[in-house]
Amino acid sequence: MQIIINASDLMNALNIVTRAISSRPAKKILEGVLIDAIVDEVTLTCTDTKLVIQSTIMATVNEPGRIVLPGKILSELVRKLPESEISIKTDSLYNAQINCLSSKSRLSGMNPIDFPEMSEILNGTMVSIPQNKFKDMINRVAFAVGTDESRALFTGVLMQIDNEGMHLVALDGFRLAMHLDRRDYGIEMPEEKQRIVIPGHVMNELSKILSDDETACDLVFNRSHVKAVFGNTVVASSLLLGEYIDFMDIIPKSFQTCALIKKSVLADAIDRAGILAREGKSNIIKIQFLDNQANVTAHSDQGDVLEVIDVGLQGPPLEIAFNTKYISDIIRNIIDEDIVMNFNTSVSPCVLTATENKDYLYLILPVRVFS
């Protein structure tokens, strides 16, 4: 193989694909980046066998070929090279000579025949969504993905496509995050809805490399795999298998008490109360809702705090307690300035929504406090 490639283009592609390299690869070949040169383009691929990231860039290909080079070393080397063109030439023993201006390096590579191939998605369904929209939806729900590997499905994000549009849902047993993109995805649905569960770490990596513009991200999926194609990048992953809980069954249909609050005011109050709450053993804040105000309190051996904020209350007064981190994460990810907190009792789920926007909601379980 003999190619000439722009250093900046190569660095950008390496930054994307090396996200798929595991911190503890099971095999040496998985430490590498597959470089596949054909005609006038070069495709870079990295994988941990479950996640595959691929990026294609333009290059001058004097001699086509394939080689696997150590991904992290190659990335560090290219990062230090000057902004110019890089020449990469390989021999029959999979050694790569890398030249850039006055810099000359040699890397020992590996046989590409041992590199895992990307799985083909047969009989797949394809939908398309703007990259910026998909990125925003992921960012608004991914924080609620579970970390308990014994409940594997909850370590992923549910993508459900139905007559309303596309739902992304994450829950960890203490909170639920749901966002809906309302559009006709133009697919024939033999069933009432189509659902897949994408690993949470895959969604996090996707959100980091999706662009902030409205160009399309095409999603192709079947029962076992999903592939996202956007720009010159492909991200493919195996799915989490099993029947994800019907999230609509978790969300209460009616409420006895509703509180209208300014998001920024509530966020500031919780942040200040959280300073004391984190010093306590349980990291709990309490919120007491009265006629037109809410008292946010926290206690620890180091002291206590009281924050009084204005609210619009409908229904009977109520006092409720939350884990500070869980409620803070939710408030931080709410889009609108005015939010509604909906309750039934001090021990039943609290649902947070916007006043007008019904395309997202968050649910959080309160903490049972014994006085």
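Relevant structure appears above.
Scope of this entry: the structure provided in the associated data block. (Residues numbered from 1 in each chain as written. Predicted model: local features only at pLDDT ≥ 70, side-chain atom pairs only at ≥ 80, totals over all residues. Heavy atoms only, no water.)

1. With respect to the overall build of the chain
In terms of regular secondary structure, the chain is built from 6 helices and 26 strands. Of all 371 residues assigned to the chain, the portion counted as buried reaches 51%. Carbon and sulfur atoms make up 48% of the accessible area of the chain, which totals about 18200 Å². Of note, the chain has its 35 positive side-chain charges centred 6 Å away from the centre of its 48 negative side-chain charges. (Helix = DSSP H or I, 4+ residues; strand = E, 2+ residues; numbered from the N terminus. Buried < 20%, exposed > 50% of the residue type's maximum accessible area, 1.4 Å probe, protein only. Areas by Shrake-Rupley, 256 points an atom, 1.4 Å probe, with all protein chains shown as cover. Lys, Arg positive; Asp, Glu negative; His and termini not counted. Charge placed at Lys NZ, Arg CZ, Asp CG, Glu CD.)

2. A word on helix α6 (residues 324-333)
Across the 10 residues of α6, 8 count as buried, placing the element largely inside the fold. Taken together, the buried positions of α6 are Thr-324, Tyr-326, Ile-327, Ser-328, Asp-329, Ile-330, Ile-331 and Asn-333. Of the residues that open α6, the one with a side-chain oxygen 2.9 Å from the backbone nitrogen of Lys-325 is Asn-323. (Polar contact = N/O pair within 3.5 Å; in protein donor to acceptor, adjacent residues only side chain to side chain.)

3. Comments concerning the packing of helix α1 (residues 7-17) against helix α2 (residues 71-80)
Closest axis-to-axis distance for the α1/α2 pair is 10 Å, and the angle between their directions is 145°. By crossing handedness, the relation of α1 to α2 is classed as left-handed. When α1 is examined against α2, the residues Ala-7, Leu-10, Met-11, Leu-14 and Asn-15 are found in contact with a partner set consisting of Leu-74, Ser-75, Val-78 and Arg-79. Residue classes in the contact of α1 with α2 are distributed as 6 nonpolar, 2 polar and 1 charged. (Axes fitted to C-alpha atoms, helices over the stretch in contact; angles between N-to-C directions. Left-handed = near helix turned anticlockwise from the far one by under 90°. Contact = heavy atoms within 4.5 Å. Nonpolar A, V, L, I, M, F, W, Y, C, P; charged D, E, K, R; others polar.)

4. A few points about the nonpolar core
Core analysis: the largest hydrophobic core is formed by 105 residues, its most contacted members being Val-42, Ile-86, Phe-134, Met-166, Leu-168, Phe-289 and Leu-352. In this view, Phe-289 contacts Ala-259, Ile-261, Ala-294, Leu-313, Pro-317, Leu-318, Ile-320, Met-341 and Phe-343; residues no more than four positions away in its chain are not counted. In terms of nonpolar packing, the next biggest core, distinct from the first, is built from 15 residues, Leu-171, Leu-176, Leu-180 and Ile-251 among them. (Core = buried A, V, L, I, M, F, W, Y, C linked by side-chain atoms within 4.5 Å.)

5. Brief notes about the packing of aromatic side chains
The final tally for this structure, using the stated rule, is 5 aromatic pairs. A centroid spacing of 5.9 Å and a plane angle of 40° characterise the contact between Phe-143 and Tyr-362, whose relative ring orientation is tilted. Taken together, the positions of Phe-143 in the loop between α3 (131-141) and β11 (156-161) and Tyr-362 in strand β26 (residues 360-364) put the pair 219 residues apart, joining distant regions of the chain. Look at Tyr-362 and you get buried, because its relative accessible area is 0%. Centroid distance Phe-289 to Phe-343: 5.0 Å. Interplanar angle 50°. Geometry classified as tilted. Of this pair, Phe-289 sits in strand β19 (residues 284-289) while Phe-343 sits in strand β24 (residues 338-343); the two residues are 54 residues apart in sequence, bridging distant segments of the chain. Phe-343 shares its class with Phe-289; the two are buried. The structure contains a cluster of three or more aromatic residues connected by ring pairs, namely Phe-143, Tyr-360 and Tyr-362. (Phe/Tyr/Trp six-rings, centres within 6.5 Å; stacked < 30°, edge-to-face > 60°.)

6. Looking at the sheet that holds β26
Two pairing modes exist for strands in a sheet, parallel and antiparallel, and in both the strands are linked by backbone hydrogen bonds. Sheet architecture is open: 9 strands sit in the order β14-β11-β12-β13-β26-β25-β24-β18-β22, paired in antiparallel fashion. Across the chains shown, the open sheet's two edge strands, defined by having one partner strand only, are β14 (194-199) and β22 (312-314). Going across the sheet, the axis of each strand differs from the next one's by a mean of 20°, ignoring polarity. Here strand β18 (residues 257-262) pairs with β24 via 6 bridges, running antiparallel. In the strand pairing of β24, Cys-258 is matched with Asn-342. The strands touched by helix α5 (residues 263-277) are β18 and β24; relative to β18, the strand with the most contacts, the crossing angle is about 90°. (Pairing = 2+ DSSP bridges.)

7. Observations concerning the pairing of strand β4 (residues 51-58)
By the criterion of burial, β4 is predominantly enclosed, with 6 of the 8 residues buried. Two strands pair when backbone bridges link them, and strand β3 (residues 41-47) and β4 are joined in this way by 7 bridges, in the antiparallel orientation. Note that in β4 the partner of Cys-46 across the bridge is Ile-53. Counted between consecutive antiparallel strands, the loop separating β3 from β4 contains 3 residues, among which Thr-49 sits at a positive phi close to 85°. In the sheet, β4 pairs with strand β17 (residues 233-238) via 5 bridges, with the strands oriented antiparallel. When the sheet's bridge partners are listed, Gln-54 is paired in β17 with Val-234.

8. Quick look at the side chain of Asn-222
Within the secondary structure layout, Asn-222 lies in the loop between β15 (216-221) and β16 (225-230). Looking at Asn-222, its side chain comes within polar contact range of the main-chain nitrogen of Ser-224, at 3.0 Å. Separated by 2.8 Å, the side chain of Asn-222 and the backbone nitrogen of His-225 make a polar contact. With near-sequence residues (within four places) excluded, Asn-222 lies in contact with Ile-121, Leu-122, Asn-123, Gly-124, Ile-196 and Leu-239.

9. Looking at the sheet that holds β17
Strand order in the open sheet formed by 8 strands is β6-β2-β3-β4-β17-β16-β15-β10, with antiparallel pairing between adjacent strands. Looking at the sheet topology across the chains shown, the edges are occupied by β6 (65-70) and β10 (125-130). Within the sheet, the average angular offset between the axes of one strand and its neighbour, ignoring direction, is 20°. The strands touched by α3 within the sheet are β10, β15 and β16, with β10 carrying the most contacts at an inclination of about 90°.

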